[in-house]
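# An overview of the molecular structure
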Protein chains: 2
Amino acid sequence: MNRIYAVGIGPGEYEKMTVEAMEVLKECDVIAGYSVYVDLIKKYYPNKEYIVSGMRGEEERCIKAIEKAVSGLKTAVVCSGDAGVYGMAGLIMELGAKYKELEVRVVAGVTAALSGAAVLGAPLGHDFAVISLSDLMTPWEKIEKRLKLAAEADMVICIYNPSSRKRAEYLKNACDIMLKYKSRDTVCGFVRNIGREGQESEILSLEELKNTNVDMFTTVFVGNEQSMKIKGQMVTPRGYIEKYHSN
Amino acid sequence: MNRIYAVGIGPGEYEKMTVEAMEVLKECDVIAGYSVYVDLIKKYYPNKEYIVSGMRGEEERCIKAIEKAVSGLKTAVVCSGDAGVYGMAGLIMELGAKYKELEVRVVAGVTAALSGAAVLGAPLGHDFAVISLSDLMTPWEKIEKRLKLAAEADMVICIYNPSSRKRAEYLKNACDIMLKYKSRDTVCGFVRNIGREGQESEILSLEELKNTNVDMFTTVFVGNEQSMKIKGQMVTPRGYIEKYHSN
């Protein structure tokens, strides 16, 4: 049985990887990935065959990696964050389905919802939804519906891909939808370049978030009705019934 | 400034921890945690002062840990999975708010949604919600509403705390709610004892899930309308528009 690994490497810093991810990469002959992430890890694993491509080359890169694995080489496809959350793991399973002797193993990693949350404080202390605003492969109506229903459910909402050059207005539109169900004072936050050079974060209200421009390297958090700011950190309590002092 | 760390240690195996979590624990004088998780890490960090308590002792344990940190000892509170997702991080911020000279740092970890997903395949490839069925601190009506709206939004739903001795019927009730919006054939999965001895997993339909008993050590995944089973793995594709071959 040949094996290919989909490996989540976390937000970028080497120390945010799991021990398992490090060990799998160490043992691989071939490592495939988006150029930015390969650059982050290449120095730690110099003697590997690398398959590198740009952002649009995902499918091709996965096919090349699968072919390497099928040829008997121990192969990993690296993904930023987790390997499964909007990651390559599922794509590799779909593309690799035709090879009976290929096994796909997933090595989980710290996705931006978790690494970004740790920067802000503890925004994900209660039920939450993770929603991407990218409409490259998802109809915008579907995204809108999810934002609306997640806001109506008073879930904390973590937003991936909040913006890009072509989609400058998307976060503003998303905020308008959420503002129908969430108060304008809802505690929100965002983190840019999580765990990388130039990391920036801010805690602000939903109304302020609506009027803020963020880029594609940003992860956004919109609190639930109980989220609050404590000493500069965003905190969502774990419950509704038991209340703790938080003067 | 005194510092206390909330550290997510992942699902249990040492190798599922991040390098950062390992390093922070190595440097701490005091480590506090629920007895089961402390037992998992104690052998790697033998020369520490441990504050251990049972499942109900969370608030007391955090207060003790905060007092240690305020006294100048480098202190960590360990949580299974991530430190923030239904974890101790927010509680420590609430309880620690009164100490001006105390800084709370969060070290993210691989929460059960991610580690469980990796066992099943790639169920979280698109937008998802994480919902706990525990009504200890959350009114059941709120949980029901979230399940309903997340199902209506066709999000993948990851369920924490699906059952316990006192709440044997909760998962069945949750499935009934989701079945109003999701097909009975929706691909679902569950993982028990993720990353620990006795790990078990199964992929099944939503209808079958409804008639399955799981325990409190289980994490449940309910797919979206596109989730499928590929060679024994649960996969949610990353998009709706672009379709790949998956024969």
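Predicted, not measured: the structure shown is a model, and the values here were computed from it. (Residues numbered from 1 in each chain as written. Chains lettered and ligands numbered in written order. Predicted model: local features only at pLDDT ≥ 70, side-chain atom pairs only at ≥ 80, totals over all residues. Heavy atoms only, no water.)

### Examining the overall build of chain A
Threshold: Put simply, DSSP marks the helices as runs of H or I at least four residues long and the strands as runs of E at least two long, and each gets a number from the N terminus on. This radius of gyration counts C-alpha atoms alone. The globule rule is 2.2 Å times how many residues there are, raised to the power 0.38. Throughout, exposure labels follow a simple rule: accessible area from a 1.4 Å probe, protein chains only, divided by the maximum for the residue type, with under 20% read as buried, over 50% as exposed, and the rest as partly exposed. Contacts are assigned to residue pairs with any non-hydrogen atoms lying within 4.5 Å of each other. We score Asp and Glu as negative and Lys and Arg as positive, and we do not count His or the chain ends. Where a charge lies is defined by one atom per residue type, namely NZ (Lys), CZ (Arg), CG (Asp) and CD (Glu).
A count of helical and extended segments in chain A gives 8 helices and 13 strands. Taken against the 2.2 N^0.38 rule, which gives 18 Å for 247 residues, the C-alpha radius of gyration of chain A at 19 Å falls within 12% of a compact globule. Scored against the burial criterion, the 247 residues of chain A give a buried share of 62%. Taking contacts inside chain A between residues at least 6 apart in sequence as the whole, the part at least 24 apart equals 67%. One way to put it: in chain A the 32 positive side-chain charges average out to a point 1 Å from where the 33 negative ones average out.

### Regarding unusual backbone geometry
The phi dihedral of A:D154 is positive, around 55 degrees, even though this residue is not glycine. Structurally, the position occupied by A:D154 is in the loop between α6 (140–152) and β8 (156–160).

### Quick look at the relation of the copies chain B and chain A
Formally: Superposing copies: least-squares fit, C-alpha atoms only, residues required to have pLDDT of at least 70 in both.
If you rotate chain B by 180 degrees and push it 0.0 Å along the axis, it lands on chain A with an RMSD of 0.0 Å. In symmetry terms, the pair is related by a two-fold rotation axis. A high fraction, 99%, of the interface residues of chain B reappear at the interface in chain A, so the copies pair face to face through one surface.

### Side note on the pairing of strand β3 (residues 49–53) of chain B
Residue and element names in this part refer to chain B. Just so we agree on the cut-off: Any two strands are treated as partners once DSSP identifies two or more bridges connecting them. Orienting the strands away from the viewer, one traces the path from the first strand over the helix to the second; a clockwise path indicates a right-handed crossover.
As paired elements, strand β2 (residues 30–34) and β3 share 5 bridges and run parallel to each other. Bridge pairing links Y34 to S53 in β3. Assessed by its sense of winding, the connection that carries the chain from β2 through helix α2 (residues 35–42) to β3 is right-handed.

### Overview of the sheet that holds strand β12 (residues 228–230) of chain B
If you walk across this open sheet you meet the 3 strands as β6-β13-β12 (chain B), and the pairing is mixed. Edge positions in the sheet fall to β6 (121–122) and β12 of chain B, since each has one partner strand and no second.

### Quick word on a nonpolar patch on the surface
Formally: Each patch groups residues whose relative accessible area exceeds 30% and which form no salt bridge, using 9 Å between like charges and 5 Å between nonpolar side chains of Val, Leu, Ile, Met, Phe, Trp and Tyr. Where accessible areas are quoted, they stem from the Shrake-Rupley method and a 1.4 Å probe; at the residue level, only the protein chains shown are allowed to cover. By definition here, a salt bridge exists when the distance from a side-chain nitrogen of Lys or Arg to a carboxyl oxygen of Asp or Glu is within 4 Å.
Together, A:M55, A:M216 and A:F217 make up an exposed nonpolar region whose accessible area comes to about 270 Å². Residue A:F217 is classed as partly exposed on the basis of its relative accessible area, which comes to 43%.

### A few points about the pattern of salt bridges
This structure, assessed with the given rule, holds 32 salt bridges over all chains. In this structure, A:E58 and B:R238 form a salt bridge, with 2.9 Å as the shortest nitrogen-oxygen distance. Of the two residues, A:E58 sits in helix α3 (residues 58–70) while B:R238 sits in the segment after β13 (233–235), which places them in two different chains. A salt bridge links B:K74 to B:E27, with the nearest nitrogen and oxygen atoms 2.9 Å apart.

### Here we look at the packing of aromatic side chains
Quick reminder of the rule: Note on aromatic pairs: the rings of Phe, Tyr and Trp (six-membered ring only in Trp) are paired at centre separations within 6.5 Å, and the planes decide the class, stacked below 30 degrees, edge-to-face beyond 60, tilted for the rest. Should the NZ of a Lys or the CZ of an Arg lie within 6 Å of a ring centre and within 35 degrees of the ring normal, that charge is described as sitting over the ring.
Following the criterion strictly, the structure yields 8 aromatic pairs over all chains and no others. For the ring pair B:Y34 and B:Y37, a centre distance of 5.3 Å and an interplane angle of 65 degrees mean the geometry is edge-to-face. The side chain of A:K42 reaches across the aromatic face of A:Y50, ending 5.1 Å from its centre.

### Considerations on the interface of chain B and chain A
Stated formally: Reported buried area values correspond to the accessible surface (1.4 Å probe) lost by two parts on association, with both partners' losses combined. Contacts described as polar in this section are N or O atom pairs within 3.5 Å, which, within protein, must combine one atom able to donate a hydrogen with one able to accept it, while residues neighboring in sequence count only if both atoms come from side chains.
Taken together, the contact between chain B and chain A spans 80 residues of the former and 79 residues of the latter. Buried area between chain B and chain A, summed over both chains or domains, comes out near 6,600 Å², and the portion from carbon and sulfur atoms is 59%. Seen at the junction of chain B and chain A, the total is 12 salt bridges. The shortest N-O distance in the salt bridge between A:K142 and B:E225 comes to 3.5 Å. Where chain B packs against chain A, one counts 42 residue pairs in polar contact (both at pLDDT 80 or more). Sort the elements by how many residues they give to the side of chain B that touches chain A and helix α4 (residues 89–96) of chain B lands first, with 7 residues.

### Some words on the environment of A:K145
With respect to the helices, strands and loops of the structure, A:K145 is situated in helix α6. Separated by 32 residues in sequence, A:K145 and A:I177 have C-alpha atoms that sit 9.0 Å apart. From its side chain, A:K145 meets the backbone oxygen of B:E152 in a polar contact 3.4 Å long.

### Let's talk about the confidence of the model for chain A
For clarity, the cut-off: A residue's pLDDT is simply how confident the predictor is in it, with values from 0 to 100.
For chain A, mean pLDDT is 94; residues scoring 70 or higher make up 97% of the total. Low pLDDT (under 50) marks residues 243–247 of chain A, which in the prediction has 13 contacts with non-local residues, meaning those over four places away or in another chain.

### Overview of the side chain of A:D82
Within the fold, A:D82 resides in the loop between β4 (75–79) and α4 (89–96). This buried residue, A:D82, is left without a salt bridge; B:K16 holds the nearest opposite charge, at 10 Å. A distance of 2.9 Å separates a polar atom in the side chain of A:D82 from the backbone nitrogen of A:G84. From its side chain, A:D82 meets the backbone nitrogen of A:V85 in a polar contact 3.1 Å long. Setting aside residues up to four positions removed in sequence, A:D82 forms contacts with A:G8, A:A108, A:G109, A:V110, A:T111 and B:L114.

### Looking at the nonpolar core
Rule in force here: Among buried residues, those of type Ala, Val, Leu, Ile, Met, Phe, Trp, Tyr and Cys that are joined through side-chain atoms within 4.5 Å constitute a nonpolar core.
Core analysis: the biggest nonpolar cluster contains 96 residues, and A:I4, A:I92, A:L124, B:I4, B:I92 and B:L124 have the highest contact counts within it. A:L171, A:L204, B:I159 and B:L206 belong to the second largest nonpolar core, which has 54 residues in total.

### Notes on helix α5 (residues 112–120) of chain B
Residue and element names in this part refer to chain B. Here α5 lies mainly inside the structure; 8 of its 9 residues are buried. Considered for burial, the residues of α5 that qualify are A112, A113, L114, S115, G116, A117, A118 and L120. Downstream of α5 by a residue or two, G121 has a phi angle that is positive, lying close to 140 degrees.

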